[in-house]
Amino acid sequence: MLSVEGLNTYYGDSHILRGVDVQLPAATSVGLLGRNGMGKTTLIRSLMGYVRPASGRVQAEGRDVTGWTPEKMARLGIGYVPEGRGIFPNLSVRENLVMSARPGPDGQRAWTFERVMSTFPRLAERLSHGGQQLSGGEQQMLSIGRALMTNPRLLILDEATEGLAPLVVAEIWRVIGEIRATGISTLIVDRDWRKVLGHTDQAVVMEKGLIVLKGQSSALLAEPAQVSELLGV
Ligand SMILES: Nc1ncnc2c1ncn2[C@@H]1O[C@H](COP(=O)(O)OP(=O)(O)OP(=O)(O)O)[C@@H](O)[C@H]1O
């Protein structure tokens, strides 16, 4: 549903993305791997419209959407859970969720408030808490819940488990598996590369602003030497 071609992005004089090509097909989960600072978040920010690429194309279902704003990209059905969580700290859990609610691009409302509640029972118990009163894990769940309330076709998760306790991390991976099973495409960035490969159909590895390896996740997991060398693990 989304593809990028020949993407070049700079921060000032620093050339960060150096001609990145990636395909995110419908109903497919893609893992985005790479060591720190290799450009994963910059790629996401470039395709979401937070950073304007110097050259290259972003296409959504065959339409050129290069340079579209994040709001317009979201209306195409792209849910984004940013690194460091995107919630409103002064609003309650309920307000955070309700204000994001909207039908998907095809008019469907598969993700309702009730469904998000049953997916995240911990949030259901804290509906009137303010965003800033939540634990890190609960904030992350709220951030994912907010993205689901937009009924996305593609959900982008950047370091969704970072800094969380093991039990909460397991809970987040369970939810990622559940989301994938509903047929929503996902783009997943996470330090735990084995988990990423276990929860995706395809994966790409970035090094210094370039995609240096692509493959089926199951094949990369079965022969992990290439991936582990690129990740330095
Ligand atoms: N706003 C910015 N201004 C200038 N340089 C930046 C900015 N954001 C990131 N960079 C630099 O761009 C490069 C790529 O960063 P990016 O965050 O995309 O990497 P990443 O692969 O997501 O790594 P991490 O896992 O550390 O977030 C790094 O060298 C980083 O220091």
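Computed from a prediction, not measured in an experiment: that's the story for all the values here. (Residues numbered from 1 in each chain as written. Predicted model: local features only at pLDDT ≥ 70, side-chain atom pairs only at ≥ 80, totals over all residues.)

1. Side note on the sheet that holds strand β5 (residues 63–64)
Pairing in this open sheet of four strands is antiparallel, and the strands run β2-β1-β4-β5 from one edge to the other. Of all strands in the sheet, those with a lone pairing partner are β2 (14–24) and β5, marking the two edges. Inspection of the sheet shows strand β1 (residues 2–11) paired to β2 by eight bridges, in the antiparallel sense. Bridge pairing links Val4 to Val22 in β2. (Pairing = 2+ DSSP bridges. Helix = DSSP H or I, 4+ residues; strand = E, 2+ residues; numbered from the N terminus.)

2. Structural notes on helix α6 (residues 136–148)
In this model, α6 (13 residues) spans 18 Å end to end at C-alpha, consistent with the 18 Å of a helix rising 1.5 Å per residue. Within α6, 11 of the 13 residues are buried, leaving the element largely enclosed by the surrounding structure. Here α6 has its buried residues at Glu138, Gln139, Gln140, Met141, Leu142, Ser143, Ile144, Gly145, Arg146, Ala147 and Leu148. On its buried face, α6 is in contact with β6 (78–81), α3 (93–100), α4 (113–119), α5 (121–124), β7 (154–158) and α7 (166–181). (Expected span 1.5 Å × (residues − 1). Buried ≥ 20, exposed ≤ 12 C-beta atoms within 10 Å, placed from the backbone. Contact = placed C-beta atoms within 7 Å.)

3. What about the sheet that holds β7?
Across the sheet, which stays open at both edges, the six strands sit in the order β6-β7-β8-β3-β9-β10 with mixed pairing between neighbours. Each of the sheet's edge strands pairs with one partner strand only, and the pair in question is β6 and β10 (210–216). For this sheet the average axis-to-axis angle between neighbouring strands, irrespective of direction, equals 15 degrees. Two elements, strand β9 (residues 202–207) and β10, share six bridges in a ladder whose sense is antiparallel. Bridge pairing in β10 links Met206 to Ile211. Where helix α1 (residues 40–48) meets the sheet, it contacts β3 (29–33), β6, β7, β8 (185–189) and β9, and its direction lies at approximately 145 degrees from that of β7. Along the sheet face, α7 touches β3, β7 and β8 and points at about 150 degrees away from the line of β8. (Axes fitted to C-alpha atoms, helices over the stretch in contact; angles between N-to-C directions.)

4. What to know about the site of the ligand
Inspection of the region around the ligand gives Tyr11, Ser14, Ile16, Gly34, Asn36, Gly37, Met38, Gly39, Lys40, Thr41 and Thr42 as its neighbouring residues. If you list the elements that add at least two residues to the shell around the ligand, you get β2 and α1. Looking at which element gives the most residues to the shell around the ligand, the answer is α1, with three residues. When grouped by side-chain class, the residues that make up the shell around the ligand number three nonpolar, seven polar and one charged. (Near = placed C-beta within 6 Å. Nonpolar A, V, L, I, M, F, W, Y, C, P; charged D, E, K, R; others polar.)

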